[in-house]
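# Summary of the model geometry
If you want the building blocks of each chain, they are given just below.
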Amino acid sequence: AQSVTQLDSQVPVFEEAPVELRCNYSSSVSVYLFWYVQYPNQGLQLLLKYLSGSTLVKGINGFEAEFNKSQTSFHLRKPSVHISDTAEYFCAVTVISSGSARQLTFGSGTQLTVLP
Amino acid sequence: SQTIHQWPATLVQPVGSPLSLECTVEGTSNPNLYWYRQAAGRGLQLLFYSIGIDQISSEVPQNLSASRPQDRQFILSSKKLLLSDSGFYLCAWTRDVSGANVLTFGAGSRLTVL
């Protein structure tokens, strides 16, 4: 079975500074990787996903993530954050051979707080 | 376009009372439906998923049950709530069984059991 570790539970950062949210996964087979964002008291929405091809994936709101197979990582980055990026971010992984999204495993989340 | 609705948005219930949370999807047919629970400081835990009417699988043993009386309706229930049932409940859907599919979530239902 796969697992996901989000190394930082809280990341405070000043507005317009760069940010990296770390995600490592464990799986013995090939995986699909996702980042979701959750704004306060809302459901999750997809930021970006890696299925295949280029290891650098661009998502919405200026976020990007890089898949590193050798380090089993899928870190999320943004070069300059805004106050509106304050939210909780979840990394998720599923094995490619899985039959449905029920095999999707979520990390415990990283709360990004952008300070003025 | 497809939309997903959950209600109620917030609910405060006493221990031992029943529960019914409802989720409906519009703009698609035969969706795969999911119920997740999110506890504070923790990730999402899959509770139930359904690939069709009356076809429901439970992922973890618990005090809750799910039903799918119609194609696009998914209901989470309990006969007697426990304090530990408090949390944020999220309904989600995907188009088909591919693992590459993105989950589309509802806005969630926050349950507080007192």
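Quick look at the structure, then. All values reported here derive from a predicted model rather than from experimental measurement.

### Describing the state of the cysteines
Here a disulfide denotes one covalent bond, and it connects the sulfur atoms of two cysteines. Residue and element names in this part refer to chain A. Here the structure, examined in full by the defined rule, presents 2 disulfides over all chains. Disulfide partner of Cys 23: Cys 91, at an S-S distance of 2.0 Å. In this structure, the disulfide formed by Cys 23 and Cys 91 twists by about -65 degrees around the S-S bond and is classed as left-handed. Taken together, the residues span a long stretch of sequence, with Cys 23 in the loop between strand E3 (19-21) and strand E4 (24-26) and Cys 91 in strand E10 (residues 87-95) at a distance of 68 residues.

### Quick word on the pattern of salt bridges
The tally for this structure, following the rule as stated, stands at 7 salt bridges over all chains. Residues A:Arg22 and A:Asp8 are paired through a salt bridge, measuring 3.0 Å at the closest nitrogen-oxygen approach. Residue A:Arg22 is located in the loop between E3 and E4, and its partner A:Asp8 is located in the loop between strand E1 (3-5) and strand E2 (10-14); the two are separated by 14 residues in the primary sequence. In this structure, the salt-bridge partner of B:Asp85 is B:Arg37, at a minimum N-O distance of 3.9 Å. Highlighted residues: B:Asp85 in the loop between strand E8 (73-78) and strand E9 (87-94) and B:Arg37 in strand E4 (residues 32-38), separated in sequence by 48 residues.

### Some points on the pairing of strand E12 (residues 110-115) of chain A
Residues and elements named next belong to chain A. Here E12 shows one buried face, formed by Thr 110, Leu 112 and Val 114, and one open face, formed by Gln 111, Thr 113 and Leu 115. Across 5 bridges, the pairing between E2 and E12 is parallel. Bridging from a neighbouring strand, Pro 12 pairs with Thr 113 of E12. In this structure, E10 lies alongside E12, joined through 3 bridges in antiparallel fashion. From the neighbouring strand, Tyr 89 faces E12, where its bridge partner is Thr 110.

### What about the nonpolar core?
All names here are of chain A. Core analysis: the largest hydrophobic core is formed by 29 residues, its most contacted members being Leu 33, Trp 35, Leu 47, Leu 48, Phe 74, Leu 76 and Tyr 89. At the level of secondary structure, the elements contributing two or more residues to this core comprise E2, E3, strand E5 (31-38), strand E6 (44-50), strand E8 (64-68), strand E9 (73-78), E10 and E12. Ranked by residues supplied to this core, first place goes to E10 with 5 residues. Not counting residues within four places of it along the chain, the set of residues in contact with Leu 76 comprises Val 19, Glu 20, Leu 21, Trp 35, Leu 47, Leu 48, Phe 63, Glu 64, Ala 65 and Tyr 89.

Cut-offs and rules
- Residues numbered from 1 in each chain as written.
- Chains lettered and ligands numbered in written order.
- Predicted model: local features only at pLDDT ≥ 70, side-chain atom pairs only at ≥ 80, totals over all residues.
- Heavy atoms only, no water.
- Disulfide = S-S within 2.5 Å.
- Helix = DSSP H or I, 4+ residues; strand = E, 2+ residues; numbered from the N terminus.
- Salt bridge = Lys/Arg side-chain N within 4 Å of Asp/Glu carboxyl O.
- Buried < 20%, exposed > 50% of the residue type's maximum accessible area, 1.4 Å probe, protein only.
- Pairing = 2+ DSSP bridges.
- Core = buried A, V, L, I, M, F, W, Y, C linked by side-chain atoms within 4.5 Å.
- Contact = heavy atoms within 4.5 Å.

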